[in-house]
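Coordinate inspection notes
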Amino acid sequence: MKLLLTILSFILVIFSSCQNKTQQLITKKWDCVKVDNLDPVDTKFQTPEDSAKVAAMEAALKSLSWTFNKDGSYTTSAAGRTIVQGTYTINEKEKTLTCITNVNNNTNNYTINSITENDMTLSSVANKKNILMYFLPGQ
């Protein structure tokens, strides 16, 4: 019996250590602190209203917090209020984070440019531009 428990414990340790490294790093609350490349594609015809929209979009994105859980679920919130919930997967090879919302099953793909214990950078294409989002661990 002792031998069986020892073997099962050993197997459990091996499986938990084989968990995707990115999965281990992403599992926490992340606050968006900076967004790059939100300006309109066509700057020749940019109006003051366009600039205001870009500023409002940047402020909205910077107010977001994403919490990724070990069970593959996530929550997006702003000002402490939950906005979106869903599930996520990580493709370690392609460094892709795929988020699927619980409502309408919308799928969003993000490229994980970098991730450490202390910061994360994601990119996504919007309006034919590569949007960069910078995150720090949440409080």
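Residues numbered from 1 in each chain as written. Predicted model: local features only at pLDDT ≥ 70, side-chain atom pairs only at ≥ 80, totals over all residues. Heavy atoms only, no water.

Points about the overall build of the chain
Threshold: A run of DSSP states H or I qualifies as a helix once it reaches four residues; a run of E qualifies as a strand once it reaches two. Both are numbered from the N-terminal end. In what follows, a contact means two residues having at least one pair of non-hydrogen atoms within 4.5 Å. Working definition of accessibility: Shrake-Rupley area with a 1.4 Å probe, residue cover restricted to the visible protein chains.
Tallying secondary structure elements over the chain gives 3 helices and 8 strands in all. Going from N to C terminus, the chain has its helices and strands arranged as α-α-β-α-β-β-β-β-β-β-β. Relative to all contacts within the chain whose residues are 6 or more apart in sequence, the contacts with residues 24 or more apart total 45%. Carbon together with sulfur atoms contributes 57% to the accessible area of the chain, which is approximately 9400 Å² in total.

Topic: the sheet that holds strand β4 (residues 81-91)
Our working rule: If DSSP finds at least two bridges between two strands, the strands pair. Axis definition: a line fitted to C-alpha atoms, limited for helices to the stretch in contact. Angles are taken between N-to-C directions and run from 0 to 180 degrees.
Read once around its circumference, the closed barrel built from 8 strands follows the order β1-β2-β3-β4-β5-β6-β7-β8, with strand pairing classed as antiparallel. Within this sheet the neighbouring strands show an average axis-to-axis angle of 35°, counted without direction. One ladder, built from 6 bridges, connects β4 with strand β5 (residues 96-101); its direction is antiparallel. Each residue of the ladder has a partner; that of N91, found in β5, is T96.

Some remarks on the packing of aromatic side chains
Defined as follows: Classification of ring pairs uses Phe, Tyr and Trp, with its six-membered ring standing for Trp, and accepts pairs whose centres are within 6.5 Å; under 30 degrees between planes counts as stacked, over 60 as edge-to-face, and the remaining range as tilted. Note on classification: 1.4 Å probe, protein chains only; a residue is buried when its accessible area is under 20% of the maximum for its type, exposed when over 50%, partly exposed between these limits.
Tallied over the full model, the rule gives 5 aromatic pairs. Judged by centre distance (5.9 Å) and plane angle (80°), the ring pair of W66 and F68 falls under edge-to-face. On the basis of relative accessibility, which here comes to 6%, the residue W66 falls in the buried class. A relative accessible area of 1% means that F68 is categorised as buried. In textbook terms, an aromatic cluster arises when at least three aromatic residues are bridged by ring pairs, as seen for W66, F68, Y74, Y88, Y110 and F135.

Things to note about the pairing of strand β1 (residues 29-36)
Sheet topology note: the β1/strand β2 (residues 64-68) ladder contains 3 bridges and is antiparallel. Across the sheet, K29 pairs through a bridge with T67, a residue of β2.

Comments concerning the pattern of salt bridges
The criterion, for reference: Salt bridge, as used here: a side-chain nitrogen of Lys or Arg that lies within 4 Å of a carboxyl oxygen of Asp or Glu.
In this structure the tally under the stated criterion is 2 salt bridges. Its salt-bridge partner being D36, residue K34 comes within 3.9 Å of it at the nearest N-O pair. With a relative accessible area of 21%, D36 lands in the partly exposed category.

A few points about the nonpolar core
Rules: The definition of a nonpolar core used throughout is a set of buried Ala, Val, Leu, Ile, Met, Phe, Trp, Tyr and Cys residues joined through side-chain atoms within 4.5 Å.
I26, W66, F68, L97, L122 and M133 are the most contacted members of the largest nonpolar core, which totals 22 residues. If near-sequence neighbours (up to four positions away) are discounted, M133 is found in contact with C32, K34, V35, W66, Y110, M120, T121 and L122.

Structural notes on the confidence of the model for the chain
Counted only if it meets this: Every residue is assigned a pLDDT by the predictor, reflecting its confidence on a scale from 0 to 100.
In the predicted model, the chain carries a mean pLDDT of 78, and the fraction of residues at 70 or more is 68%. In this model residues 3-18 is a low-confidence stretch, pLDDT under 50, and it forms 2 contacts with partners more than four residues away in sequence or in other chains.

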